[in-house]
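Coordinates in review
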Amino acid sequence: MHDLIRDKILPAVSKPARYIGNELNSIHKGHKGMVKVALCYPDTYEIGMSNLGLSILYHLIIKREDAICERVFSPWPDMEAAMKEHGVPLFSLESWKPIKDFDILGFSLQHELTYTNMLNILKLSDIPLKRKERTGGHPLIIAGGACTNNPEPLSDFIDAFVLGDGEEVIREIIDAYKSCRDRPQPTPTHTPLLDNLSKIDGVYVPDHNELKNVKRRTVKDLNSIDYPAKPIVPFIEVVHDRATIEIMRGCPRRCSFCQAGTVNKPVRLVDPEKVVALAKETIKNTGFEEVSLVSLSSCDYPRIWEVANELGKAFGPKRISVSLPSMRPDSFRADIAKELQNVRKSGITLAPEAGTQRLRDHIHKDLTEENILSSIGNAFASGANSVKLYFMIGLPTETEEDLAGIVALSNRIIKEGKTVNPRAKITVNVSTFIPKKNTPFENEKMISLDKIQKKQNYLKQNLRHKSIELRWHKAEMSVIEGLFSSLEAGRGLPMAKILLDAFEAGCRFDNWTEHFDYCKWEVAIAAHKDQI
Amino acid sequence: MQRIRIKYKKGGGLVFIGHLDMIRLWERAVRRGELPVAYSQGYNPRQKLAFGPPLPLGMASDCEYLDIFLEKWASAEKVKADLELTLMPGIEILGVTSVFSGMPSISSSIKTAVYEIKTVKDPSKKAQEILSTNSIIVVRKENQMDIRPMIKKIGFSGNTVNIEVRCDNSGSIKGSELKGLFKETGIASIKRTNLF
């Protein structure tokens with residue numbers, strides 16, 4: 001199989017480096033006697049390799065003496081075709097062994113529009129899609145990540161879901177797998193294993209325990225996590241092509257629409273000393289040109305300026321830049337901004353979310369127009385040329401006035417920005433509100449496709465300043481995402497059946513505009529709506 | 001400023017890594033090796049590295065070149081040792097020398113590339129056919145192009161062809177075109193063996 005992949009398949013596909021593994025700091029271990037875990041992010045290599053959670057779990061599994069961990073991502077359609085042509089099943093990056101030969105296949109599910117890719121991973125691995133059609137000879141299929149907030153649409157396909165932080169649970173799952181495997185008489189099914197898994201806190205096992213009784217798992221002290229100091233350095237440019245250091249989990253803000261902020265409780269911090277030491281060690285081991293300090297709201301990390309300053313001093317002379325995503329405008333300090341931006345200039349991102357004070361107050365977005373204007377003014381004055389703004393449409397109680405507010409606020413920002421920096425530009429990103437499960441807004445209504453398009457058109461017609469670039473999420477994609485992640489939007493629809501139909505109709509890479517095929521989804525939805 | 005020239009071999013899985021990704025790979029190795037590299041001026045300072053002609057994707061090479069400009073002097077041996085500690089399998093450093101900083105760039109001093117093609121079937125007839133013809137037309141983005149004048153020499157013995165082609169600013173043969181020449185005999189492997 002190796003020769004076939006190397007000589008026939010890889011030379012014929014685009015971006016072959018997506019499939020070859022062997023990157024710096026990737027680890028290749030022998031398989032014999034090991035619990036073999038394949039971790040999968042069901043999207044392209046470039047997206048999957050940008051996920052910090054996957055990197056942490058890879059490290060935690062591979063350092064065990066009794067387990068190995070390998071990666072697999074979604075093959076691009078040309079790769080899928082080449083693999084089919086040569087009869088090669090989906091294989092892992094490290095050993096190029098078939099995924100079917102692994103003991104555990106773990107999916108990182110962060111986005112509902114990767115669900116069809118997840119099914120495709122199973123199909124290309126020759127693993128039955130439905131858990132009831134699988135036996136003990138198939139890998140145990142588990143899933144974690146943000147999507148497990150609403151696992152039911154996937155409960156026909158996934159054996160066990162991890163709710164909440166995965167660092168401790170993955171250890172317990174591998175231990176449970178091992179003790180079942182090493183029993184004197186192995187069983188033909190995973191049933192005894194699933195029974196054991198259902199007793200682990202934070203694990204939901206369909207048919208073995210009740211979702212409502214499963215409590216999310218939380219790592220109490222982030223300092224106890226052995227974060228990877230030697231993360232894999234991709235050969236090709238990935239989406240987040242940099243060292244990523246977590247500084248905080250959870251968010252002290254209470255924005256009513258935000259799922260991550262609502263479910264990740266309590267707020268936990270990584271010690272500043274640990275952050276600084278880990279950042280330095282990671283740079284030494286990877287050679288990355290940028291470090292990103294990540295959390296849901298970086299400025300709420302109590303000693304953020306101290307950490308940023310310390311890293312700025314250490315990395316500045318080496319031309320390594322430090323970036324702080326998820327900054328709130330009210331905390332934007334020009335002096336630090338300058339310190340952090342002294343090497344590579346990157347964009348600044350701010351999220352007012354709504355156009356009027358009334359609506360910002362209603363969604364508990366704790367920000368005033370003065371905050372926004374003064375901090376963005378500071379950013380432009382300190383030398384930034386472009387600022388990205390994030391807004392939502394379709395928020396509960398939204399009126400025409402609120403939409404007009406997005407236009408007015410954007411215009412005002414660019415007008416004031418131009419007075420301090422003539423090259424000032426803003427990008428206005430507009431997404432659609434989805435009443436996600438496990439948020440204060442979970443019972444709110446999601447607006448219809450037609451309304452999303454009308455609101456987007458209003459913004460397209462009215463935001464016409466030449467220094468403002470408007471971007472929006474494809475309305476149809478938001479609709480599908482909503483059906484899977486919102487109890488309200490998906491109510492009464494058999495989403496598992498719809499997903500399977502859409503997949504069988506050929507849906508793949510649904511979060512890629514060039515592949516997303518709304519017609520196929522419409523057909524699948526209509527077929528099942530009629531039965532109700 | 002000191003100029004260090006590195007000659008290296010590229011093989012293994014790295015044949016699937018393109019030119020721009022190789023640049024980033026070297027920048028990161030230089031950073032890990034903590035070489036006293038010089039940076040460009042300007043908005044986004046970058047390491048001063050200069051590479052030879054890009055190697056076609058999918059091809060191995062015995063003769064890749066790169067110049068590293070250092071802001072502080074370091075011995076060639078030290079640079080080699082620092083890089084070797086941190087480079088990944090697939091790259092083998094063949095030589096490190098300190099060169100005169102005013103020398104012309106690698107890309108402007110190279111005129112010719114030599115490729116070794118291992119064919120599946122006997123290539124002699126095909127090689128003679130190429131040598132005896134006056135023009136070989138290929139299509140590049142709707143334009144027709146004659147690549148025959150770019151072929152300087154072809155030698156062959158057994159199933160191995162050594163082909164010398166023009167490789168400079170006035171135009172070079174693409175990897176795919178090179179493979180196209182020996183499509184009928186089948187290609188088992190192809191690599192760049194020399195640049196001069």
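Residues numbered from 1 in each chain as written. Chains lettered and ligands numbered in written order. Predicted model: local features only at pLDDT ≥ 70, side-chain atom pairs only at ≥ 80, totals over all residues.

1. What to know about the overall build of chain B
Short version of the rule: Secondary structure elements follow DSSP: runs of H or I no shorter than four residues count as helices, runs of E no shorter than two count as strands, and numbering proceeds from the N terminus. To assign burial, the other C-beta atoms lying within 10 Å of each residue's own C-beta are counted, with C-beta atoms placed from the backbone; 20 or more indicates buried, 12 or fewer indicates exposed, and intermediate counts indicate partly exposed. Note on contacts: residues are paired as contacts if their backbone-placed C-beta atoms lie within 7 Å.
The helix and strand inventory of chain B stands at 5 helices and 11 strands. Taking the principal axes of its C-alpha atoms as reference, chain B extends roughly 55 × 30 × 25 Å. Sorting the 196 residues of chain B into buried and exposed places 25% on the buried side. Sequence separation of at least 24 residues holds for 74% of the intrachain contacts in chain B that already meet a minimum separation of 6.

2. Focus: the overall build of chain A
Defined as follows: For this measure, only C-alpha atoms enter the radius of gyration; the expected value for a globule follows 2.2 Å times N^0.38, where N is the number of residues.
Scanning chain A from N- to C-terminus turns up 19 helices and 15 strands. What you see for chain A is a C-alpha radius of gyration of 24 Å, in line with the 24 Å of a compact globule of 532 residues. Overall size of chain A, expressed as C-alpha extent along the three principal axes, is 75 × 60 × 50 Å. Across the 532 residues in chain A, those meeting the buried criterion constitute 49%. If you take every contact in chain A between residues at least 6 apart in sequence, the share linking residues at least 24 apart comes to 75%.

3. Some thoughts on the interface of chain B and chain A
Convention followed: Residue polarity is assigned by list, with Asp, Glu, Lys and Arg as charged and Ala, Val, Leu, Ile, Met, Phe, Trp, Tyr, Cys and Pro as nonpolar; anything else, Gly included, falls into the polar class.
Each partner contributes residues to the interface: chain B has 15 residues there, and chain A has 17 residues. Broken down by class, the residue content of the side of chain B that touches chain A amounts to 8 nonpolar, 3 polar and 4 charged.

4. Quick look at the pairing of strand 4 (residues 140-144) of chain A
All names here are of chain A. This is how the line gets drawn: At least two DSSP bridges between two strands are needed for those strands to be called paired. By convention, orient the strands away from the viewer: a clockwise path from the first strand over the helix to the second makes the crossover right-handed.
Across the 5 residues that make up strand 4, a large majority, 5, are buried. Side chains of strand 4 alternate between two faces, with Leu140, Ile142 and Gly144 and Ile141 and Ala143 buried alike. Here strand 3 (residues 104-108) runs beside strand 4; their pairing, made up of 5 bridges, is parallel. Opposite Phe107, over in strand 4, you have Ala143 as the bridge partner. With helix 5 (residues 115-124) bridging strand 3 and the parallel strand 4, this β-α-β connection has right-handed handedness. The pairing of strand 4 with strand 5 (residues 160-162) spans 2 bridges and is parallel. Its bridge partner being in strand 5, Ala143 is matched across the sheet by Phe161.

5. Regarding the nonpolar core
Residues and elements named next belong to chain A. Cut-off, in case you're wondering: Put simply, a nonpolar core is buried Ala, Val, Leu, Ile, Met, Phe, Trp, Tyr and Cys residues tied into one set by C-beta atoms within 7 Å.
Within the largest apolar cluster, 166 residues are counted, with the highest numbers of intra-cluster contacts made by Val37 and Val203. The dominant element in this core, judged by the number of residues it contributes, is helix 6 (residues 167-181), at 7 residues. Setting aside its immediate chain neighbours within four residues, Val37 contacts Ile61, Ala67, Ile68, Cys69, Phe102, Asp103, Ile104, Gly106 and Ile174. Residues Ala243, Ile247, Val307 and Ala308 belong to the second largest nonpolar core, which totals 21 residues.

6. Considerations on the packing of helix 13 (residues 369-381) of chain A against helix 14 (residues 400-420) of chain A
All names here are of chain A. Stated precisely, the cut-off is as follows: Inter-axis angles, ranging from 0 to 180 degrees, are taken between N-to-C directions of lines fitted to C-alpha atoms, where helices are fitted over the stretch in contact. Should the near helix be turned anticlockwise from the far one by less than a right angle, the crossing is termed left-handed; should it be turned clockwise, right-handed.
The interhelical angle for the contact between helix 13 and helix 14, taken along N-to-C directions, is 35 degrees, at an axis separation of 9 Å. Handedness of the helix 13/helix 14 crossing: right-handed. Along the contact surface, helix 13 presents Glu369, Leu373, Ile376, Gly377, Phe380 and Ala381, while helix 14 presents Leu409, Arg412, Ile413, Glu416, Gly417 and Val420.

7. Some words on the domain arrangement of chain B
All names here are of chain B. Put simply, the test is: Reported domain spans reflect what an automatic or database domain assignment gives.
Considered domain by domain, chain B is made up of domain 1 (2-107) and domain 2 (112-195). The centre of domain 1, based on its C-alpha atoms, is set 28 Å off from the matching centre of domain 2. Taken together, the 12 residues of domain 1 in the interface contact 11 residues of domain 2.

8. Remarks on the pairing of strand 12 (residues 348-353) of chain A
Residue and element names in this part refer to chain A. Of all 6 residues in strand 12, 5 are buried, a share of seventy percent or more. One ladder, built from 4 bridges, connects strand 12 with strand 13 (residues 386-393); its direction is parallel. By the bridge assignment, Ile348 is partnered in strand 13 with Val387.

9. Examining the domain arrangement of chain A
All names here are of chain A. Domain assignment breaks chain A into domain 1 (2-213), domain 2 (242-346) and domain 3 (359-491). Using C-alpha coordinates to define each centre, domain 2 is positioned 24 Å away from domain 3. The interface of domain 2 with domain 3 comprises 16 residues on the first partner and 22 residues on the second. At the level of elements, helix 8 (259-263) and helix 11 (334-340) are the ones that each hand at least two residues to the side of domain 2 that touches domain 3. Each residue belonging to the side of domain 2 that touches domain 3 can be placed in one class, and the counts come to 8 nonpolar, 4 polar and 4 charged.

10. Notes on unusual backbone geometry
All names here are of chain A. Residue Pro266 is reached from Lys265 by a cis peptide bond, and omega for that bond is -10 degrees. Following the sequence through the fold, Pro266 ends up in the loop between helix 8 and strand 9 (268-269). In this structure, Asp207 takes a positive phi of about 70 degrees despite not being glycine. In this fold, Asp207 is placed in the loop between strand 6 (203-204) and strand 7 (243-246).

11. Regarding the sheet that holds strand 1 (residues 35-41) of chain A
Residue and element names in this part refer to chain A. Pairing is mixed across the open sheet formed by 6 strands, whose spatial order is 2-1-3-4-5-6. Every interior strand has two partners, whereas the edge strands, strand 2 (67-73) and strand 6, have only one. The pairing of strand 1 with strand 2 spans 7 bridges and is parallel. By the bridge assignment for strand 2, Ala38 is matched with Glu70. Across the face of the sheet, helix 3 (residues 52-62) comes into contact with strand 1, strand 2 and strand 3 while running at roughly 155 degrees to strand 2. Here helix 6 sits on the sheet and contacts strand 1, strand 2, strand 3, strand 4, strand 5 and strand 6; the angle it forms with strand 1, its principal contact strand, is near 140 degrees.

12. A look at the environment of Leu85 of chain B
Among the secondary structure elements, Leu85 of chain B is positioned in helix 2 (residues 76-86). With 49 residues separating them along the chain, Leu85 of chain B and Pro36 of chain B place their C-alpha atoms 16 Å apart.

13. What about the sheet that holds strand 7 of chain A?
Residues and elements named next belong to chain A. Read across the sheet, 3 strands follow the order 7-10-11 without closing on themselves; strand pairing throughout is parallel. In this open sheet, the two strands that pair with only one neighbour each are strand 7 and strand 11 (321-323). Within the sheet, the average angular offset between the axes of one strand and its neighbour, ignoring direction, is 20 degrees. The sheet contacts of helix 9 (residues 272-286) involve strand 7 and strand 10 (290-294), and relative to strand 7 the element is tilted by about 160 degrees. Sitting on the sheet, helix 10 (residues 304-315) is in contact with strand 10 and strand 11, with an inclination near 160 degrees to strand 11.

14. Here's the deal with the environment of Asp78 of chain A
By secondary structure assignment, the location of Asp78 of chain A is in helix 4 (residues 77-85). Linking Asp78 of chain A and Arg253 of chain A, residues 175 residues apart in sequence, is a C-alpha distance of 44 Å.

15. Points about the packing of helix 15 (residues 449-462) of chain A against helix 16 (residues 475-485) of chain A
All names here are of chain A. Rules: Working definition: roughly parallel below 35 degrees, roughly antiparallel above 145 degrees, roughly perpendicular at 65 to 115 degrees, and oblique for all remaining angles.
Remark: helix 15 packs on helix 16, axes separated minimally by 9 Å, with the N-to-C direction vectors making an angle of 140 degrees. Taken together, the axes of helix 15 and helix 16 are oblique relative to one another. Here helix 15 runs over helix 16; the crossing is right-handed. On the side of helix 15, the interface is formed by Leu449, Ile452, Gln453 and Gln456, while helix 16 contributes Ala475, Glu476, Ser478 and Val479. When the residues that make up the contact of helix 15 with helix 16 are grouped by side-chain class, the tally is 4 nonpolar, 3 polar and 1 charged.

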